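A look at the structure
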Amino acid sequence: PAAADPVELTVCLPDGQYRLEQYAVGYGVNDCYTAFLHMNTDGTLLPKQVEFLKSKCSGEAIASQMVSVRGGYTAVQPMRQNDLYLYVFYPVDK
C-alpha cells in the first residue's frame, strides 16, 4: 500500500463530553479479502479458517476515547489510498 498522507477532519458539535469511536476499513484493516489472499488456499476453507477470516473483519471500533469538545473538534488522520474512516460521537450525560 502507498504511504499515508495526513487528512484533517473538523467537526462542529455542541460543547460537551463525547465518547468518540473510530471505525476503519482499508488494506489490512477489517479486510477479509486480503486476509483470504494471504491464506494461499484453493478456495475451500476449513471451519478454523472461516473463524480466522471473521476475526479479521469484525467491524469493531479500532479506537474509543473520551473527548471534550469546545467550539468543535479537529483531528488529523493518516490515510492511505482506499482507506475509509468513520468517526462516531456519542454524547455523554453529565
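Our structure is the block above this text.
Residues numbered from 1 in each chain as written. Predicted model: local features only at pLDDT ≥ 70, side-chain atom pairs only at ≥ 80, totals over all residues. Heavy atoms only, no water.

1. Examining the pattern of salt bridges
Pairing is possible between side chains of opposite charge, provided their charged atoms come close. Using the criterion set out here, one finds 3 salt bridges in the structure. Glutamate 21 serves as the salt-bridge partner of arginine 19, at 2.9 Å between the closest nitrogen and oxygen. Overall, the relative accessible area of 32% leaves arginine 19 in the partly exposed class. On the basis of relative accessibility, which here comes to 14%, the residue glutamate 21 falls in the buried class. Its salt-bridge partner being glutamate 51, residue lysine 54 comes within 3.8 Å of it at the nearest N-O pair. In this pair, lysine 54 and glutamate 51 are both assigned in helix H2 (residues 47–56), 3 residues apart and thus about one turn of the helix distant. (Salt bridge = Lys/Arg side-chain N within 4 Å of Asp/Glu carboxyl O. Buried < 20%, exposed > 50% of the residue type's maximum accessible area, 1.4 Å probe, protein only. Helix = DSSP H or I, 4+ residues; strand = E, 2+ residues; numbered from the N terminus.)

2. Description of the packing of aromatic side chains
Overall, the coordinates contain 2 aromatic pairs when judged by the stated rule. With a centroid separation of 6.2 Å and an interplanar angle of 90 degrees, the aromatic rings of tyrosine 18 and phenylalanine 89 are classed as edge-to-face. One end of the pair, tyrosine 18, is in strand S2 (residues 16–25); the other, phenylalanine 89, is in strand S5 (residues 84–91), and 71 residues separate them in sequence. The exposure classification of tyrosine 18 matches that of phenylalanine 89, with both residues buried. A ring pair is formed by tyrosine 73 and phenylalanine 89, whose centres lie 5.3 Å apart and whose planes are at 70 degrees; its orientation type is edge-to-face. Of this pair, tyrosine 73 sits in strand S4 (residues 73–79) while phenylalanine 89 sits in strand S5, placing them 16 residues apart in sequence. Like tyrosine 73, the residue phenylalanine 89 is buried in the burial classification. Within the aromatic cluster, the residues linked to one another by ring pairs are Tyr18, Tyr73 and Phe89. (Phe/Tyr/Trp six-rings, centres within 6.5 Å; stacked < 30°, edge-to-face > 60°.)

3. Quick word on the environment of glycine 28
By the element assignment, glycine 28 lies in the loop between S2 and helix H1 (32–38). Taking the C-alpha atoms as reference, glycine 28 lies 13 Å from isoleucine 62; in sequence the two are 34 residues apart.

4. Overview of the sheet that holds S2
Read across the sheet, 3 strands follow the order S3-S2-S5 without closing on themselves; strand pairing throughout is antiparallel. Edge strands, defined here as strands with exactly one partner in the open sheet, are strand S3 (63–69) and S5. Neighbouring strand axes in the sheet, compared pairwise and without regard to direction, differ in orientation by 30 degrees on average. Here S2 runs beside S5; their pairing, made up of 8 bridges, is antiparallel. Along S5, the bridge assignment pairs alanine 24 with tyrosine 85. (Pairing = 2+ DSSP bridges. Axes fitted to C-alpha atoms, helices over the stretch in contact; angles between N-to-C directions.)

Geometric values such as these leave the question of function open.
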